Amino acid sequence: MSRPRIATTSLAGCFGCHMSLLDLDERILELAELVEFDRSPIDDYKEFQERCAVGLVEGGCANEENVATIREFRKNCDVLVSVGDCATMGGIPAMRNLVPLEECLQEAYVDGPTVHNPSGLPPGDAELPRLLDRVYALHEVVDIDWHLPGCPPSPEAFWAAVTALLSGEPAELPPHLIRYD
Amino acid sequence: MSESFKFYIDGVPVDAQPGMTILEAAQGAGIWIPRLCWHEELEPFGGCRVCTVKANGRPCSACTQPAEPDSVVENDTPQLREWRRALVELLFAEGNHFCMSCEKSGNCELQAVAYRLGIAAPRFEHHWKPREVDASHPDVLIDRNRCILCARCVRASRDLDGKTVFGFTGRGPDRRVAVSSTARLADTDLDVTDAAMDVCPVGALVRKREGFSVPIGSRRFDNAPIGSDIEASGASEPARQEE
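A quick note: this is a predicted structure, and the numbers were derived from the prediction, not measured. (Residues numbered from 1 in each chain as written. Chains lettered and ligands numbered in written order. Predicted model: local features only at pLDDT ≥ 70, side-chain atom pairs only at ≥ 80, totals over all residues.)

1. Considering the overall build of chain A
Tallying secondary structure elements over chain A gives six helices and seven strands in all. For chain A, the sequential pattern of α-helices and β-strands runs β-α-α-β-β-β-α-β-α-α-β-β-α. Compactness check: chain A gives a C-alpha radius of gyration of 18 Å against a globular reference of 16 Å for 181 residues, within 12% of the reference. Principal axes of the C-alpha set define a box for chain A whose edges measure 60 × 35 × 30 Å. Here chain A holds 181 residues, and the buried ones make up 39% of them. Of all intrachain contacts in chain A linking residues separated by at least 6 positions in sequence, the fraction that spans at least 24 positions is 78%. (Helix = DSSP H or I, 4+ residues; strand = E, 2+ residues; numbered from the N terminus. Rg over C-alpha atoms; globule rule 2.2 N^0.38 Å. Buried ≥ 20, exposed ≤ 12 C-beta atoms within 10 Å, placed from the backbone. Contact = placed C-beta atoms within 7 Å.)

Written out as structure tokens, the structure is:
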């Protein structure tokens, strides 16, 4: 009897949402009984092993790699969930959306008062994913089925969401579990 | 005093006096109608439209529409909830709201109404239009990124403080709260003790050096959703149970 598979990842986020998921305390054992983790930092799979029932994605899209990853998740997950305020609205990384990208890089890597950068250029190594013009919420890039807000969402919200999604109920999050901070 | 009369909100009979708005009468009966620009000490403004109800089938803002004898008002219906959600989501998409780092978080009416309406995320694309911050005043600052143009500060300064410090300027996406006569807040006679300082539903008009003074868990909307105080005070519960 195979258990439903869950994939998770963090894009332009801080991993705080994953920390909150781990903060389920002893219920983490129950969760491990309920599901099989697929691509996720929890088991360190870098690629999808099989099709997944649920994909939990933390963070918004700030660069080309984020976009490629979220498309990969969309392709491989039945229910795709944007987790946390960065995923649902852009969050802290989106603060750069109020400043043109070039100005942002200039300040961070050239003009900032504590910057030591003899090259006088922002980093441009070909290995680095290219930044997008602005940070995007996930639903602005691919179709998202369910949103779990919070900075981070509480362990209770994670538990309610994951158990509801696994049971197939199209449940709305109750108001007391909706938080934007 | 002229005769009081009855009308119906979602089938519940509600008492009203002539001249009362639908929102005021509902309030007296313990029925919460979501709202943002309305404030009990201020003249109704009818700007945010979050209190939209249907009175005898016609949409209207409950904060400006007088209650009519025997009229039938719809408040908590799927259609109205959907309209209100769309309005509130648009406010989030239009402004630059970073709840996770905002000092008003937990005490913010915009946030609290969004929670209560069940908004997990805004469905619209964000505008990300930069808006000005005015921190020139020694005790007060305006962060227009968080402003929802409810005009509470405009009305409070004019009607309660007698100062008319605030007004609106610009149109459409350029509309913003401005200060009278001069460009900067420091040049006005706004005082940190003004009534206008107490009415902002969001974190747009705030006192300096006061943020984050209440710990998470004890803030205004941490333990009870917005409107629950009104519902707890009301006499409508038995009538609702009869339905």
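2. A word on the interface of chain A and chain B
The interface of chain A with chain B comprises 24 residues on the first partner and 20 residues on the second. Taken together, the elements giving at least two residues each to the side of chain A that touches chain B come down to α4 (85-89) and β7 (146-148) of chain A. Looking at the side of chain A that touches chain B, the element that brings in the most residues is α4 of chain A, giving three residues. Across the side of chain A that touches chain B, the residue classes tally to 12 nonpolar, seven polar and five charged. (Nonpolar A, V, L, I, M, F, W, Y, C, P; charged D, E, K, R; others polar.)

3. Some points on the sheet that holds strand β1 (residues 5-10) of chain A
All names here are of chain A. Reading across the sheet, the five strands line up as β2-β1-β3-β5-β7 and stay open at both edges, with parallel pairing between neighbours. Each having just a single partner strand, β2 (36-37) and β7 make up the two edges of the open sheet. Strand direction decides the pairing type here: strand β5 (residues 77-83) and β7, joined by three bridges, are parallel. Among the inter-strand pairings, Val83 is bridged to a residue of β7, identified as Leu148. (Pairing = 2+ DSSP bridges.)

4. Here we look at the nonpolar core
Counting 99 residues, the largest nonpolar core has Val57 and Val81 of chain A together with Ile22, Ala26, Val113, Ile148 and Cys153 of chain B as its most contacted members. With sequence-adjacent residues up to four places away left out, Ile148 of chain B is seen in contact with Leu36, Cys48, Leu91, Gly95, Leu110 and Val202 of chain B. By size, the runner-up hydrophobic cluster in this structure holds five residues, among which are Cys151 of chain A together with Phe98, Cys99 and Cys102 of chain B. (Core = buried A, V, L, I, M, F, W, Y, C linked by C-beta atoms within 7 Å.)

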